[in-house]
Protein chains: 2
Amino acid sequence: MATAQKLANLVNGVNVDDLYATVDAIKAAPAVAKFRFRIQNEWRGASRNCSRVDSYYGAGLERFRQCPFILSADEPSILLGTDAAASPVEYLLHALAACLTTSMVYHAAARGIHIEEVESAFEGDIDLHGFLGLDKNVRKGYQAIHVNFKIKADVPDEQLQEIAQLGTEHSAIFDSLTNGVPVSVSTERL
Amino acid sequence: MATAQKLANLVNGVNVDDLYATVDAIKAAPAVAKFRFRIQNEWRGASRNCSRVDSYYGAGLERFRQCPFILSADEPSILLGTDAAASPVEYLLHALAACLTTSMVYHAAARGIHIEEVESAFEGDIDLHGFLGLDKNVRKGYQAIHVNFKIKADVPDEQLQEIAQLGTEHSAIFDSLTNGVPVSVSTERL
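Residues numbered from 1 in each chain as written. Chains lettered and ligands numbered in written order. Predicted model: local features only at pLDDT ≥ 70, side-chain atom pairs only at ≥ 80, totals over all residues. Heavy atoms only, no water.

A. Up close: the pattern of salt bridges. Taken as a whole and assessed by the stated rule, the structure comprises 26 salt bridges over all chains. For E62 of chain A, the salt bridge goes to R38 of chain A, with nearest N and O atoms at 2.8 Å. Placement of the pair is E62 of chain A in strand β6 (residues 61–63) and R38 of chain A in strand β3 (residues 34–43), with a sequence separation of 24 residues. You can call E62 of chain A partly exposed: its relative accessible area is 39%. Where E42 of chain B meets R44 of chain B, a salt bridge forms, and the shortest distance between an N and an O atom there is 3.6 Å. Note on E42 of chain B: relative accessible area 37%, which makes it partly exposed. Salt bridges sharing common partners tie together R36, R38 and E62 of chain A together with E123 and D125 of chain B. (Salt bridge = Lys/Arg side-chain N within 4 Å of Asp/Glu carboxyl O. Helix = DSSP H or I, 4+ residues; strand = E, 2+ residues; numbered from the N terminus. Buried < 20%, exposed > 50% of the residue type's maximum accessible area, 1.4 Å probe, protein only.)

Next up, the structure:
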């Protein structure tokens, strides 16, 4: 008995049919595009704290992970920590790296562009005069971030640059970081 | 035989003498304040990638972790991933939470303010019309981030608000995210 089995249309590991089905679903019902991401953080003394990543809202539903992800943070000993986990400023670089890479890979897949390998290096400069309040002309945050992508793909040189631009053009973190985000903070007694 | 042993001057778990020694070291030699943080990322197919957190430059030296930290990233299945790790946009919220908390705790310690407990919740809104390129009037990144801090400390109400402000006033990630950071990207062939 012959069976008709449809093969998944994978490019860069991304199911391109599912990607276009998502686009169609959003065009049919724009509210499907609304997502709300969340974390809860607990201080564990000095430089240590942990975030719990579990629920989010997306495509019209509250959604939960099968098991939550726990993300730790610490500082190196030279910054008075215990060096038991990556530091907040390194997590920011990871968020940027991960988002640029995924954005590039998804949008290349949507265009049928096959990517074989991607490696990237991220560097950011901070001057502690800002954080410590020693010089009000020095910012507290990153003064600049420098990114280098290395991409293996069977494409001409100019298309290699275009592939990297698919990341910077679409990445949520690249946009958030280069253009800024309004952050509101409320405080209450525990 | 009597021994004179100096007790560590800990507030909120932070060694305040070491904190002021760092300030003095920077005042004596401003270049001590310069730090460069780094990560290297590798794509592992589709929505999966990993960052390696190891070396950084700080206080005049190249420094290395005893063992590097590996940070994974993935997307939930509704965003075409395998949900094996937190997503980039959740890592950004963790970076912000961790940095606000540590900044608050360190600066409270420097002022001799004792904090007993800190919990915080972070939420951020994203509309996929931006990422997917379906509406150029919708941004790709977070539209807004909302933060709620719960602080346990034996202080009057107005000082509770001041404690939280120590975080927003000094945090490297809060500054980076609310004011933006220039990010330069170069691309080469692997």
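B. Local environment of the relation of the copies chain A and chain B. After a rotation of 180° and a shift along the axis of 0.0 Å, chain A superposes on chain B with an RMSD of 0.0 Å. The two molecules are tied by a two-fold rotation axis, judged by turn and shift. Closest to the rotation axis within chain A is the C-alpha of G180 of chain A, separated from it by 2.2 Å. Most of the interface of chain A is mirrored in chain B, where 100% of its interface residues are also at the interface. (Least-squares fit on C-alpha atoms with pLDDT ≥ 70 in both. Contact = heavy atoms within 4.5 Å.)

C. Examining the pairing of strand β7 (residues 69–73) of chain B more closely. Residue and element names in this part refer to chain B. Covered by surrounding structure in β7 are F69, L71 and A73 only, the residues I70 and S72 on the alternate face being uncovered. Taken together, the five bridges between strand β4 (residues 49–53) and β7 define a ladder with antiparallel strand orientation. Following the sheet pairing, R52 is matched in β7 by I70. (Pairing = 2+ DSSP bridges.)

D. Fine view of the state of the cysteines. Inspection of the entire model under this criterion finds zero disulfides over all chains. Looking at C50 of chain A, it has no disulfide partner, and the nearest cysteine sulfur is the one in C99 of chain B, 16 Å off. A residue is classified by how much of its surface remains accessible, and C50 of chain A, at 15% relative accessible area, is buried. (Disulfide = S-S within 2.5 Å.)

E. Molecular detail of the pairing of β3 of chain A. With nine bridges connecting them, β3 of chain A and strand β8 (residues 117–127) of chain B associate as antiparallel partners. Residue pairing across strands places R36 of chain A opposite D125 of chain B, the latter belonging to β8 of chain B. As paired elements, β3 of chain A and strand β5 (residues 56–58) of chain A share three bridges and run antiparallel to each other. Across the sheet, the residue bridging to R36 of chain A is Y57 of chain A, located in β5 of chain A.

F. Geometry of the packing of helix α2 (residues 88–110) of chain A against helix α4 (residues 157–170) of chain A. Residues and elements named next belong to chain A. The contact between α2 and α4 brings their axes to 7 Å, and the two run at 115°. Between α2 and α4 lies a crossing whose hand is right-handed. Contacts between α2 and α4 involve L100, S103, M104, H107 and A108 from the former and I163, A164, L166, G167, T168 and H170 from the latter. For the contact of α2 with α4, the residue count by class is six nonpolar, five polar and no charged. (Axes fitted to C-alpha atoms, helices over the stretch in contact; angles between N-to-C directions. Left-handed = near helix turned anticlockwise from the far one by under 90°. Nonpolar A, V, L, I, M, F, W, Y, C, P; charged D, E, K, R; others polar.)

G. Representation of the confidence of the model for chain A within the structure. Residues at a pLDDT of 70 or more form 97% of chain A, whose mean pLDDT is 96. Both scores are given for the predicted complex: the pTM is 0.97, the ipTM 0.97. (pLDDT = per-residue confidence, 0-100.)

H. Molecular detail of the packing of aromatic side chains. Within the structure shown, the criterion is met by eight aromatic pairs over all chains. Seen in terms of ring centroids, Y91 of chain A and Y91 of chain B are 6.1 Å apart; in terms of plane orientation they differ by 20°. Their pairing is stacked. In this pair, Y91 of chain A is assigned in helix α2 and Y91 of chain B in helix α2 (residues 88–110), connecting two distinct chains. Look at Y91 of chain A and you get buried, because its relative accessible area is 4%. On the numbers, 5.9 Å between centres and 15° between planes, the contact of F37 of chain B with Y56 of chain B is stacked. (Phe/Tyr/Trp six-rings, centres within 6.5 Å; stacked < 30°, edge-to-face > 60°.)

I. Seen up close, unusual backbone geometry. Residues and elements named next belong to chain A. Its identity as a non-glycine residue notwithstanding, D83 has a phi of 55°, on the positive side. Mapping D83 onto the fold places it in the loop between β7 (69–73) and α2. By relative accessible area, D83 is classed as partly exposed at 23%.

J. Up close: the environment of A97 of chain B. Position of A97 of chain B relative to the elements: it lies in helix α2. Taking C-alpha positions, A97 of chain B is 22 Å from N49 of chain B, a pair spaced 48 residues apart along the chain.

K. Up close: the side chain of S103 of chain A. Following the sequence through the fold, S103 of chain A ends up in helix α2. Reaching out from S103 of chain A, the side chain makes a polar contact with the backbone oxygen of C99 of chain A at a distance of 2.7 Å. (Polar contact = N/O pair within 3.5 Å; in protein donor to acceptor, adjacent residues only side chain to side chain.)

L. Structural detail: the packing of α2 of chain A against helix α5 (residues 172–179) of chain A. Residue and element names in this part refer to chain A. The N-to-C vectors of α2 and α5 enclose an angle of 130°; their axes lie 7 Å apart at closest approach. Considering the angle they form, α2 stands oblique to α5. Taken together, the residues of α5 that come into contact with α2 (itself represented by L92, A95, L96, C99 and L100) are A172, I173, F174 and L177. Residue classes in the contact of α2 with α5 are distributed as nine nonpolar, no polar and no charged. (Parallel < 35°, antiparallel > 145°, perpendicular 65-115°, else oblique.)

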